[in-house]
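Architecture and fold: a report
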Amino acid sequence: MSEGVSGKLTELAKRRGYFFQSASAYGGVGGFYTFGPQGAALKGNVESAWRERFALEEGNMEIDAPTIMPEPVFEASGHLDTFDDMLVECPECGESHRADHIVEDNTKYEDAESLPIAEVEEIVAEYELVCPACGAGLAGQAIEDFNLMFATNIGPGDSQPGYLRPETAQGIFVEFARLKEYARNTLPFGVTQIGRAYRNEISPRRSIIRTREFTQAELEYFIDPEEDEPDLAAVEDVMVPLYPVDEQQADDGSAIETTIGEAVDEGIITDAWVAYYLGVAAEWYESVGVDMNRFRYRQHLAGERAHYAADCWDAESEIDSNWIEIAGFANRTDYDLSKHQAHSDERLTVFKQYDEPKTVERATVDPDMSYLGPEFGGDAGAVVDALETLAERDRAAFESDSVEIELEGEAHEIPAEKTGFSVEEQTEAGEHIVPHVIEPSFGVDRLVYTVLHHAYREDEVDGEARTYLELEPEVAPTFVGVFPLQSDDALEATAREVAASLRAAGLSVSYDDSGNIGRRYRRQDEIGTPFCVTVDYETIEETDDGGTVTVRERDSTAQTRLSVEELPETLSALRAGTLAFEELLEGVPTN
C-alpha cells in the first residue's frame, strides 16, 4: 500500500488544505511550505499531544525563546564551525546538491553523511555518479563543507551579527542560570520548547520532509549523572524495534523486536535515560497514528554520532520504502552547559549538597601580581585563569622551579614561587556541578508527514473508489462533519444548531451543505474526519430529546442513530477514547 503514496499524498495535501509550497504567487520558493487550514490544525493537534505527554505528564516546564540569537551563542555551541553538509556543484548546469544524498540514492551506502569527504569523493568517482538535474558526471568535482546557518544582523549600522537558530535547544541552554531558579535549584528537571528552526539546506526535497524552515519539539532534561536514575519500571515492558550498530553492519542485519527492559539488560541500549525516553516515545508515537510496523529506532554509527553524545538513537519511519529520521534521542553529557559557561563567564551549575560536610584538599594559587602585571600586561588575568585551571587539573606541574602555561597557543614559563601555589584542607557542605543533559528532539513537520502517509487508505464503498485518511481522533484536524440531508431551510437551521452545540463542547466541526450527501462524505473521508452527523427529516419530525441524527464512522462507514441531546457527550467520549463506536452499534443494523 505504501509504494507510490507520496505523490498521491502531495496532491491530496494541496487539494484538501494540508500543505503546499510557499509564495506560489511568485513561483514558489524551495524548502518553504505553508500549512493550510487542515495541516495547521493537524500540526497543532500533534504539538498539543506532544506537550501533554512530554511537558505536562512528565512535570516539565516550557519556554518560548527567540528564533534569532547573537553570534557568540553559536560560537560556543560549535554550530559556526561544525554545522555543515557536503556540497557538490555540477560543472555543467551549476546546480548544488548534497553529495551524501546522491551517494545514498544511487549506491549501497545508506549513511554517507557519516563518511569523510575524501571517501565520498572516491565513491562518486567509483560509481560514476551524475548530477540529478542534468545528468552531467560529478567524478572529480570537489566536495566542500557548507554551513547551514542563516546569517542576519541585529540592529542598524554597525549591527551585531546574529543567526536564525538551527535548533531550539540553545535557547534553553543559554537561559539555564535563570531556569534552574524556577526549578528551585534541584535536579533533575526538564525544560521543553516547541518552535521554529532554520537550516539553509543545499537541496531541500520530498515536500515537508526536508525543508529550510521547520518546527521542533525538544526536551532538555538536566540530571546529576551520579545520582539521578529514570523510572525504567514504567517502560520496561514496552516493545520496541531496535536497529543497533551491529545489525547495521551485518550483511543480513535487520531491526530486532525487544522490550526496553531486555534491551537495557542485554546492553543494547547503554544509557538508561535514553532507554526511558525511547519507551515513552514509542507509546506516544503509536497514540498519534504512527504505524509501528513501519517504525524503528536506529542507533547512530560511530562516524555520525556527535562527539559529545554518550549514546544516540534516531526514531525512523518508513515512507515509500525509505527510512526517514523523525526524532533523535541523545545523552549530550555536560557539553552544552560547559561550553556556554566557558564562553559566557556565567556559572551554569547547580549546587549539590552533601549529606554530611566533607574535608577535602584543594589546590589553589595566589599569584604575585607585582610580577605578572609588568610581565604580561593586559593578559595577566588570563594567566591567573590558566594557573587556576592547571592547579585543579595537575598539581604535579607546580613541583618544578617553573610552571608552563599556554596562552593563545603560545607557551609561557612562570617561576613557581610567583604562582602562590598551595594545597589546603577545606570543609565543604557541597559542590557545584554542571548537569548532564538528556535530549529527546522531535521533528514536528516530518512527524506530520509520517502520520498522513501512514494514514493514507484506498478502498471501495458501494462499488465506488474511495480515498481516506485513517487519522487518530486525537489528532484529526476536523473531528466531525455536520450535514443537512438536502437543501431545506428547516434541515439547514437544525444542522447549524447541532454544529454550534458540538463546537461549544470543544469539538472541531465542519459544516457542509454543498453537493449530494455521498460527495460530502467523500470530502470528509479524504480530509480524515472520523465522524459525520447527518440531520434528516426524521430529526426535525421527532420531538423527544430534540430528535435523532445519523452518525457515520469514517473507516467502516457504519452508521447508527443518536439523540441530538446526547450527541456532544457521546462524540466527546469517542474522541477521548473512553467509548468505542462499536459499542454504539450493538444491536443496530449497519449500512
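The coordinates are above.
Now for a description of the structure that goes with this document.

About the cut-offs
Residues numbered from 1 in each chain as written. Predicted model: local features only at pLDDT ≥ 70, side-chain atom pairs only at ≥ 80, totals over all residues. Heavy atoms only, no water. Pairing = 2+ DSSP bridges. Helix = DSSP H or I, 4+ residues; strand = E, 2+ residues; numbered from the N terminus. Axes fitted to C-alpha atoms, helices over the stretch in contact; angles between N-to-C directions. Contact = heavy atoms within 4.5 Å. Phe/Tyr/Trp six-rings, centres within 6.5 Å; stacked < 30°, edge-to-face > 60°. Buried < 20%, exposed > 50% of the residue type's maximum accessible area, 1.4 Å probe, protein only.

**Section: the sheet that holds strand β28 (residues 559-563)**
- Pairing in this open sheet of five strands is mixed, and the strands run β25-β24-β26-β27-β28 from one edge to the other. Two strands in the sheet have a free side with no partner beyond their single neighbour: β25 (509-511) and β28. Averaged over all adjacent pairs, the angle separating strand axes in this sheet is 25 degrees, with direction ignored.
- Looking at chain direction, strand β26 (residues 531-535) and strand β27 (residues 548-553) are connected through four bridges and run antiparallel. Each bridged residue has a counterpart across the sheet, and for Cys-532 the counterpart in β27 is Arg-552.
- On top of the sheet, helix α16 (residues 489-504) reaches β24 (480-484), β25 and β26; it is set at about 160 degrees to β24, its chief contact.
- Seen against the sheet, helix α19 (residues 567-576) touches β24, β26, β27 and β28 and runs at an angle of roughly 165 degrees to β26.

**Examining the sheet that holds strand β9 (residues 160-164)**
- The strand order β4-β9-β8 describes an open sheet built from three strands, whose pairing is antiparallel. What marks the edges here is a single partner per strand, and that holds for β4 (68-70) and β8 (150-154). Averaged over all pairs of adjacent strands, the angle between their axes in this sheet comes to 40 degrees, without regard to strand direction.

**Topic: the pairing of strand β22 (residues 456-461)**
- Alignment of β22 against strand β23 (residues 464-469), held across six bridges, turns out to be antiparallel. Within β23, the position partnered with Glu-458 by the bridge is Thr-467.

**Here we look at the packing of aromatic side chains**
- This model, assessed by the stated rule, comprises 27 aromatic pairs.
- Ring centres 6.4 Å apart and planes at 80 degrees place the aromatic pair Phe-173 and Phe-222 in the edge-to-face group. Of this pair, Phe-173 sits in helix α7 (residues 169-173) while Phe-222 sits in strand β11 (residues 213-223), and the two are 49 residues apart along the sequence. With respect to class, Phe-173 is no different from Phe-222; both count as buried.
- Here the aromatic rings of Tyr-221 and Tyr-277 are separated by 6.1 Å at their centres, their planes lie at 65 degrees, and the arrangement is edge-to-face. Of this pair, Tyr-221 sits in strand β11 while Tyr-277 sits in helix α11 (residues 272-288), and the two are 56 residues apart along the sequence. For the pair formed by Tyr-221 and Tyr-277, the shared burial category is buried.

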